[in-house]
Amino acid sequence: PLLVLLAAMALALAGCALLRGPEAEPPDTAPEAEEIRGPATELERLLDYFQRVKKLAGAELGKEHNNVRLAFTRTRSDFDRVRLAIVLLLPNTGFSDEARALELLEPMARNQNSTLHSLAFLMSAFVQEQRRLGNSLQGMQQKLDALKSMERSLIEREQAGSKRR
């Protein structure tokens with residue numbers, strides 16, 4: 001699921017690059033200069049952040065969660081809001097919280113003037129769809145369990161009926 005999110009964010013990034021159009025790059029710009037100045041947009045920085053944070057584990061991940069939570073508390077910026085949502089959406093962590101992540105993303109997803117509107121909208125839609133599928137899966141599992149229970153009851157009745165004969 002997170003790999004799908006990363007791919008979707010990469011597609012969004014590619015779409016943004018297309019919307020900006022071709023940019024003239026000075027001929028003397030070396031690749032090293034680009035690496036030194038880092039990613040140009042918040043979206044690129046967030047994609048890099050996601051790639052970095054998904055590799056963290058244990059204490060490092062807990063420390064990162066705390067750091068990004070404090071950063072958002074201090075700045076209340078859209079950038080830190082998305083970073084916190086990314087961390088909260090990481091699976092199998094003690095602090096994973098889809099509801100809180102959606103709550104963080106909602107203001108940006110509604111505000112079309114936000115520079116990160118598209119990303120927030122994409123992440124929100126992804127999380128909501130994931131939740132819907134999870135609920136649907138849970139409902140199907142309950143139905144399957146009920147069918148298995150009925151089947152066991154029928155088998156037990158058949159066995160009890162054949163023993164009486």
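A quick note: this is a predicted structure, and the numbers were derived from the prediction, not measured.

Enquirer: Help me out: how do you make sense of the overall build of the protein in this one?
Expert: What the protein contains, in helices and strands, is seven helices and zero strands. Start at the N end of the protein and walk to the C end: the helices and strands fall as α-α-α-α-α-α-α. Within the span of the protein, comprising 165 residues, buried residues form 28% of the whole. The contacts in the protein between residues at least 6 apart in sequence include a share of 58% that link residues at least 24 apart. Split by element, the accessible area of the protein, about 11400 Å² in all, is 54% carbon and sulfur.

Enquirer: Honestly, the packing of aromatic side chains in this entry has me stumped. Any pointers?
Expert: To describe a pair of aromatic rings, one takes the distance between the centres and the angle between the planes. Under the defined criterion, the tally for this structure stands at zero aromatic pairs. Here the basic side chain of R45 rests over the ring of F79, its NZ or CZ set 4.1 Å away from the ring centre. When the ring centre of Y49 is taken as reference, the NZ or CZ atom of R83 above it lies at 5.1 Å.

Enquirer: Can you walk me through the packing of helix α4 (residues 58–75) against helix α5 (residues 78–88) in this structure?
Expert: Packed helices, taken two at a time, are described by their axes: the angle between them and the distance between them. For the pair α4 and α5, interaxial distance at closest approach is 9 Å and the crossing angle is 150°. As summarised for this structure, α4 and α5 are arranged roughly antiparallel, according to the angle between their axes. Where α4 crosses over α5, the handedness of that crossing is left-handed. On the side of α4, the interface is formed by E64, H65, V68, R69, A71, F72 and T75, while α5 contributes D80, R81, R83, L84, V87 and L88.

Enquirer: Help me understand the side chain of S124 in this model?
Expert: Along the chain, S124 turns up in helix α7 (residues 117–164). Apart from the residues within four sequence positions on either side, S124 is in contact with L102, L105 and A109.

Enquirer: Help me understand the packing of helix α6 (residues 98–110) against α7, please; the structure alone is not making it clear to me.
Expert: In the contact formed by α6 and α7, the axes pass within 8 Å of each other and the chain directions differ by 140°. α7 is crossed by α6, and the crossing has left-handed handedness. Between α6, through E98, A99, L102, L105, M108, A109 and R110, and α7, the contact on the second element is made entirely by H117, A120, F121, M123, S124, V127, Q128, Q130 and R131. The class makeup of the residues in the contact of α6 with α7 is nine nonpolar, four polar and three charged.

Enquirer: Honestly, the confidence of the model for the protein in this entry has me stumped. Any pointers?
Expert: Should the pLDDT be low somewhere, the predicted coordinates at that spot are not to be read in detail. Across the protein, the average pLDDT comes to 84, with 76% of residues at or above 70. Long-range and interchain partners of residues 17–30, a stretch whose pLDDT sits below 50, account for one contact in this model, where long-range means more than four residues apart.

Enquirer: What is the right way to read the nonpolar core from this model?
Expert: Nonpolar side chains in soluble globular proteins tend to end up buried together. Among the nonpolar cores identified, the biggest contains 31 residues, and L46, V53, V82, I86, L105 and M123 are the most heavily contacted of them. Of all elements in the fold, only α3 (42–53), α4, α5, α6 and α7 reach the threshold of two or more residues within this core. Setting aside residues no more than four positions away along its own chain, V53 makes contact with L61, E64, I86, V87 and L90.

Enquirer: Honestly, the environment of L119 in this entry has me stumped. Any pointers?
Expert: By secondary structure assignment, the location of L119 is in helix α7. Taking the C-alpha atoms as reference, L119 lies 9.1 Å from L105; in sequence the two are 14 residues apart.

Enquirer: I keep staring at the pattern of salt bridges and nothing clicks. Help me out?
Expert: Any two side chains of opposite charge can pair if their charged atoms end up close together. In this structure the tally under the stated criterion is six salt bridges. Residue E98 is joined to R131 by a salt bridge in which the shortest nitrogen-to-oxygen separation is 3.3 Å. On the criterion of sequence distance, the pair formed by E98 in helix α6 and R131 in helix α7 is long-range, its members being 33 residues apart. Judged by its relative accessible area of 27%, E98 is partly exposed.

Rules used throughout
Residues numbered from 1 in each chain as written. Predicted model: local features only at pLDDT ≥ 70, side-chain atom pairs only at ≥ 80, totals over all residues. Heavy atoms only, no water. Helix = DSSP H or I, 4+ residues; strand = E, 2+ residues; numbered from the N terminus. Buried < 20%, exposed > 50% of the residue type's maximum accessible area, 1.4 Å probe, protein only. Contact = heavy atoms within 4.5 Å. Areas by Shrake-Rupley, 256 points an atom, 1.4 Å probe, with all protein chains shown as cover. Phe/Tyr/Trp six-rings, centres within 6.5 Å; stacked < 30°, edge-to-face > 60°. Lys NZ or Arg CZ within 6 Å of the ring centre and 35° of its normal. Axes fitted to C-alpha atoms, helices over the stretch in contact; angles between N-to-C directions. Parallel < 35°, antiparallel > 145°, perpendicular 65-115°, else oblique. Left-handed = near helix turned anticlockwise from the far one by under 90°. Nonpolar A, V, L, I, M, F, W, Y, C, P; charged D, E, K, R; others polar. pLDDT = per-residue confidence, 0-100. Core = buried A, V, L, I, M, F, W, Y, C linked by side-chain atoms within 4.5 Å. Salt bridge = Lys/Arg side-chain N within 4 Å of Asp/Glu carboxyl O.

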